[in-house]
Amino acid sequence: MSKMNVLLITADQWRGDCLSALNHPVVKTPNLDQIAAEGVLFSQHYANAVPCGPSRACLHTGMYLHNHRSGTNGTPLDKRFTNWALELRAEGYDPVLFGYTHTAQDPRDMEAGDPRLNTDEGVLPGIRPLIDMATHCPDWRDDLRQKGYSLPDDDGATYGVKGEPVAPGVPTPTQYRAEDSDTAFLTDGVISYVESQTGPWAAHLSLRAPHPPWVATAPYNEQYDPQGLPGYQRQSTREAEQQVHPWLGAHLGIVRNGSHSDPQRHQLLQASYYGLMSEVDHHMGRLVQFLKDCGEWDRTLFIFTSDHGEQMGDHWMYGKAGFYDQSYHIPLVICGPGLTVGQCDAFTEHVDIVPTILESLDQKIPRQCDGKSLKPWLVGAADPGWRKSAHFEYDFRHSDAESTLEVEMESACLNVVRDNQYKYVHFAELPALLFDLQADPGELHNIAESEPELVATYAKKLLSWRLATTDKSLTHLQIVREQGLINKLDLSL
């Protein structure tokens, strides 16, 4: 069989419930729905960490945070770990990047003054950037200047430059037209790249939308009526939310982490957030139609997901942090030649993506990978031994919460095990949380104190998971006196 193309797409900060194929009450994603109808839609897919850098480290390496240890934006990713791009490059592919990977570089072999030490948004080893966006977006800014736009001095502010107000109660659009947005620019870049290829290719399209600032282009800014959007899942007041747990008390004590108290202002942001999703959906339809028209679709492994979710006012929070599903539940759609069509409701995780890509290309899965290939679900052969829960982690070291709570840096972390009945949250130095997801899907009532036996059961589940997934790079080998290394053939793993 000839080599397949690989197209890995991430949209930044896209909540897992925001697909019309999953019956979201407002958001319409007709193109992604159609793409999902041609492949497999994973309804319970979870990021393994937040924010961007740690989550993408899990996605790209197939490793849990407690093994790769890139726990915050800016924590270097150890260069000893491989990733999907390095593995594909070793097999003759030339993986290319349109967007960003948010990979802080391992500094140990760098000279002082190396520019890569001045940013937490480096490029994943093994991938060749054709358009490197991150916060700095020189290619896009150059394109906008050539089209006559006046740009702010701050590169990052380019994403949120507003145009003229439309009307009261309507989100203001960006100053640039929809065809000139960063999403359009990056999608155009992928299309031009594919047009130039004569053999199998591998590309990572990493879109910024729907990441803040939530300013959508016209007409997407007006697509959703701010007055008709879903409400919140949260306590009656911010102060009541803070009382649920010490971490929430500390985190919500910082103004920038909390949602707006003005509901009208929030609704304008929420409508823009959804509008950015519709813009991405449009370009996904355009990109897939191009692949079909040029004959590449039927030989391309297509993966659409996000790095993490967004609280969007739930639990009085904006952004991605803590332990709530809104930050971790994300979309996943996979299509490819010979794959089945349907929906998978089993628990899947970002660490499963690398094994899935490699097995789909008949390549060896590195021993470092903590995830499992999704191939069984992609060929209609459900795995009866598949995981029955999802796991995710959050490091709040180097944060205001760490200093406010006066916890040791290495203890500024939490682990979560979540199944269809309960969610258990374990903190290294703070009280545990337990939610009954069947009785309390909004995660509003902590029952840890009233259910000590359940806490013990789920703490054991979490401990067993950590024991079974501790770094195993060389643990399959054994050197015996006078016999040498056993399992020599497995050294390549």
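Everything below is about the structure shown above.
In what follows, the accompanying structure is described. (Residues numbered from 1 in each chain as written. Predicted model: local features only at pLDDT ≥ 70, side-chain atom pairs only at ≥ 80, totals over all residues. Heavy atoms only, no water.)

## Structural notes on the side chain of Gln242
Where we set the bar: Only DSSP runs of H or I reaching four residues or more are called helices, and only runs of E reaching two or more are called strands; each is numbered from the N terminus. Residues adjacent in sequence count toward polar contacts only when both atoms are side-chain atoms; beyond that, a polar contact is any pair of N or O atoms within 3.5 Å, and within protein one must be able to donate a hydrogen and the other to accept it. Whether two residues are in contact is decided by their heavy atoms: any pair within 4.5 Å suffices.
Residue placement: Gln242 occurs in helix H7 (residues 238–242). Of the polar contacts made by the side chain of Gln242, one reaches the backbone oxygen of Gly249; its length is 2.9 Å. When near neighbours in sequence (up to four residues on either side) are disregarded, Gln242 contacts Leu248, Gly249, Leu252 and Gly253.

## Digging into the pattern of salt bridges
Rules: For salt bridges, the criterion is a side-chain nitrogen of Lys or Arg within 4 Å of an Asp or Glu carboxyl oxygen. When accessible area is computed with a 1.4 Å probe and restricted to protein chains, residues below 20% of their type maximum are described as buried, those above 50% as exposed, and intermediate ones as partly exposed.
Tallying each qualifying case throughout the model produces 32 salt bridges. Among the salt bridges present, the one from Glu410 reaches Arg69, with a minimum N-O distance of 3.3 Å. Placement of Glu410 in the loop between helix H13 (400–405) and strand S12 (413–418) and of Arg69 in the loop between helix H3 (65–68) and helix H4 (84–90) is noted, with a sequence separation of 341 residues between them. Between Arg177 and Glu179 there is a salt bridge, and its shortest N-O distance comes to 3.1 Å. Since its relative accessible area comes to 42%, Arg177 is described here as partly exposed. In this structure Glu179 comes out as partly exposed when scored by relative accessible area, which is 46%. A cluster of three or more residues bridged by salt bridges with shared partners is formed by Asp78, Arg80, Asp106, Arg108 and Asp471.

## Notes on the pairing of strand S13 (residues 422–427)
Convention followed: A pair of strands counts as paired when DSSP detects no fewer than two bridges linking them.
Counting buried positions along S13 gives 5 out of 6 residues, so the element sits mostly inside the fold. Here 5 bridges tie S12 to S13, and the two strands are oriented antiparallel to one another. Across the sheet, the residue bridging to Asn415 is His426, located in S13. The hairpin turn running from S12 into S13, its antiparallel successor, is 3 residues long. In this structure, S13 lies alongside strand S14 (residues 433–436), joined through 4 bridges in antiparallel fashion.

## A few points about helix H2 (residues 52–61)
For H2, the tally of buried residues reaches 10 of 10 residues, placing the bulk of the element in the interior. For H2, every residue scored as buried is listed here: Cys52, Gly53, Pro54, Ser55, Arg56, Ala57, Cys58, Leu59, His60 and Thr61. Directly after H2, the chain includes Gly62, whose backbone phi takes a positive value near 75°.

These figures come from the coordinates and say nothing about function on their own.
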